[in-house]
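Overview (structure and organization)
Each chain, letter by letter, is given below.
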Amino acid sequence: MTEPKRKWIRYLQNFSLLGASCLAGLVMLELVLRWTMPQPVFHRDLWLLPLQNRTGYVDYGGTTHVVHHSTNKWGFRGGPVPNDWEQRPTILTVGGSTTQCVEVNDDETWPAQLQVLLRGTDSRIMVQNAGIAGHTSRGHVLMMERVVQVVKPDLVIVLLGINDLTLSLREDYVTKELVDRTSRKYTLFAHSRVAQMAYLWKQILVNKTPRVFRRNLEYSPTPLTDPTPLPNNLDDLLPSLPIFRQNVTRIIQLAKEQHVQLLFLTQPTVHENTPANEQISGGGWWIGETRFKISAATWRRMLDRFNSTLMEVCRAQDAPCFDLASAIPSRPEYIFDLVHFTPEGDRLVAQKVCQFMQHSDILDELVRKKKQTGYQP
């Protein structure tokens, strides 16, 4: 064998040894991170991390507030899970960021304040917040299949619509067949702690994102320029609407199979369908690049289509639905950036939902069914 061939063989052997060493190191790092890092409790695509404690700085109208965000052993916001969970009247709230309410303290979220109000009727009622920012109705179906089936709450309250609308608006989502955070796109990230750690350090070192979250919650309307011409039927711009209808129907079916009560909530927004809002740009900071330019009034009409579709499906399937969108005034003191609630907005949501539960007998039915199992208030 000639000397050049021997040299290339040594290079190949050294390269193979280096590759094998790197692979072994990554495997060891993965094992260590799996042992030390918290994992989603129920399913890799349901980002419910247990025993988290985060601090954020949120600017409401020029005043900065410190916000605390924590989770319990199930990854929910809502205080520790009591040992007698199954003996209590229990409620699980499901939704996206408008349910998770990251921008307010644990005790200021509308699910937490709903628990306080409901305990005026029964002091042992427990409300847990399983909202996950970014989740669509597809994620809520997975929540019913993987979480509700396990924790077995007596009532599930679902606030949805805005992230399904986002699927229709975002260019990258639509071109990838309406995928969301529960799709194959996140498979590697969900399975690999190394990938999660690499993403974290990229956010810190490259994107300069601090570990604590900082958000300015002021809404500043901007004039609309060069709006996209609209079709006669607005549904033509909403390819995620039929999927939304299917997912709502599936949620109702799963609730019936699991013998769980349901209550759906429509999504409020600060935009109104008025002539003045035809001149203002619509859309939120979380959407990113959109397929077209729409006005605030068009945005409202689009969200109204999802809300009305939700109510139509609920009527057809005999499922309770509270039109929260009509109950919350479209004002910045309640909604700070189109759809997310201020602390005052969270208080009003809790009050309106509590009143609906009382007037529609949902609360009485919740306690009555629990009493059939031997429950004593």
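Residues numbered from 1 in each chain as written. Predicted model: local features only at pLDDT ≥ 70, side-chain atom pairs only at ≥ 80, totals over all residues. Heavy atoms only, no water.

1. Quick look at the overall build of the chain
- Across its full length, the chain carries 13 helices and 8 strands.
- Looking at the chain residue by residue over its 377 residues, the buried ones come to 48%.
- The contacts in the chain between residues at least 6 apart in sequence include a share of 75% that link residues at least 24 apart.
- As presented, the chain carries roughly 18900 Å² of accessible surface, and 54% of it is formed by carbon and sulfur atoms. (Helix = DSSP H or I, 4+ residues; strand = E, 2+ residues; numbered from the N terminus. Buried < 20%, exposed > 50% of the residue type's maximum accessible area, 1.4 Å probe, protein only. Contact = heavy atoms within 4.5 Å. Areas by Shrake-Rupley, 256 points an atom, 1.4 Å probe, with all protein chains shown as cover.)

2. Quick notes on empty space enclosed by the protein
- The tally for this structure, following the rule as stated, stands at 2 cavities of 30 Å³ or more.
- Size it by volume and the largest cavity reaches roughly 40 Å³.
- Of all the secondary structure elements, the ones that give two or more residues to the lining of the largest cavity are helix H4 (137-151) and helix H5 (162-169).
- Of the residues forming the lining of the largest cavity, the biggest block, 3 residues, is contributed by H5.
- In the lining of the largest cavity, the residues fall into 3 nonpolar, 8 polar and 1 charged.
- Per-element tally for the lining of the second largest cavity: the top contributor is helix H10 (residues 296-317), with 3 residues. (1 Å grid on protein atoms, 1.4 Å probe; cavity = no way out; pocket = protein on both sides within 12 Å on 5 of 7 lines; lining within 4 Å. Points joined across faces, edges and corners; volume = space filled by probe spheres on them. Nonpolar A, V, L, I, M, F, W, Y, C, P; charged D, E, K, R; others polar.)

3. Thoughts on the packing of aromatic side chains
- Enumeration over the complete set of coordinates arrives at 5 aromatic pairs.
- Centre to centre, the rings of Trp74 and Phe76 are 5.9 Å apart; their planes meet at 70°, and the pair counts as edge-to-face. You'll find Trp74 and Phe76 in the same group, each marked buried.
- By the ring-pair criterion, three or more aromatic residues cluster together here, those being Phe42, Trp74, Phe76 and Trp85. (Phe/Tyr/Trp six-rings, centres within 6.5 Å; stacked < 30°, edge-to-face > 60°.)

4. A short note on unusual backbone geometry
- The backbone of Asp226 shows a phi angle near 50°, a positive value even though the residue is not glycine.
- With relative accessibility at 64%, the residue Asp226 sits in the exposed group.

5. Description of H5
- When you tally the buried positions in H5, you get 8 out of 8 residues, the bulk of the element.
- What H5 keeps buried is the set Ile162, Asn163, Asp164, Leu165, Thr166, Leu167, Ser168 and Leu169.

6. A look at the layout of surface pockets
- Of the volumes computed, that of the second largest pocket is approximately 370 Å³.
- What lines the second largest pocket is a set of 17 residues, among which Lys152, Pro153, Asp154, Gln258 and His259 lie closest to the centre.
- The class makeup of the residues in the lining of the second largest pocket is 5 nonpolar, 6 polar and 6 charged.

7. Regarding the side chain of Asn72
- With respect to the helices and strands, the residue Asn72 is situated in the loop between strand S2 (63-70) and strand S3 (90-95).
- Judged by its relative accessible area of 6%, Asn72 is buried.
- Here Trp74 takes part through its backbone nitrogen, which lies 3.0 Å from a polar atom of the side chain of Asn72.
- The residues contacting Asn72, other than those within four sequence positions of it, are Pro50, Leu51, Gly78, Gly79, Pro80, Val81 and Gln128. (Polar contact = N/O pair within 3.5 Å; in protein donor to acceptor, adjacent residues only side chain to side chain.)

8. Here we look at the side chain of Ser168
- With respect to the element layout, Ser168 can be found in helix H5.
- Residue Ser168 is classed as buried on the basis of its relative accessible area, which comes to 0%.
- Among the polar contacts listed, one links the side chain of Ser168 to the side chain of Ser240, at a separation of 2.6 Å.

9. Re the pattern of salt bridges
- All told, the structure shown has 11 salt bridges when counted by the stated rule.
- For Arg305, the salt bridge goes to Asp235, with nearest N and O atoms at 2.8 Å. Placement of Arg305 in helix H10 and of Asp235 in the loop between strand S6 (213-216) and helix H9 (241-258) is noted, with a sequence separation of 70 residues between them.
- What makes Arg305 partly exposed here is its relative accessible area of 23%.
- Since its relative accessible area comes to 24%, Asp235 is described here as partly exposed.
- Two residues, Glu312 and Arg245, come together in a salt bridge whose shortest N-O distance is 3.5 Å. Taken together, the residues span a long stretch of sequence, with Glu312 in helix H10 and Arg245 in helix H9 at a distance of 67 residues.
- Look at the salt bridges and you will find they share partners, linking Asp84, Arg88 and Arg124 into a network. (Salt bridge = Lys/Arg side-chain N within 4 Å of Asp/Glu carboxyl O.)

10. So, H4
- Spanning 15 residues, H4 covers 20 Å between terminal C-alpha atoms, matching the ideal 21 Å at 1.5 Å per step.
- Along H4, the helix axis deviates most sharply at Met144, where the bend reaches about 35°.
- Those residues of H4 that fall on the buried side of the exposure criterion are Ser137, Gly139, His140, Val141, Leu142, Met143, Met144, Val147, Val148 and Val151.
- Contact partners of the buried residues in H4: S3, strand S5 (155-159), H5 and H9.
- In the segment just after H4, Lys152 is the residue with positive phi, at about 50°. (Expected span 1.5 Å × (residues − 1). Bend = angle between axes of the 7 residues up to and from the residue.)

11. Topic: the confidence of the model for the chain
- Per-residue confidence for the chain gives a mean pLDDT of 82; residues scoring 70 or more make up 77%.
- Low pLDDT, under 50, characterises residues 174-183; the stretch is placed with 26 contacts to residues that sit more than four places away or in other chains.
- With pLDDT under 50 throughout, residues 207-214 is counted as low confidence; its partners more than four residues away or in other chains account for 16 contacts. (pLDDT = per-residue confidence, 0-100.)

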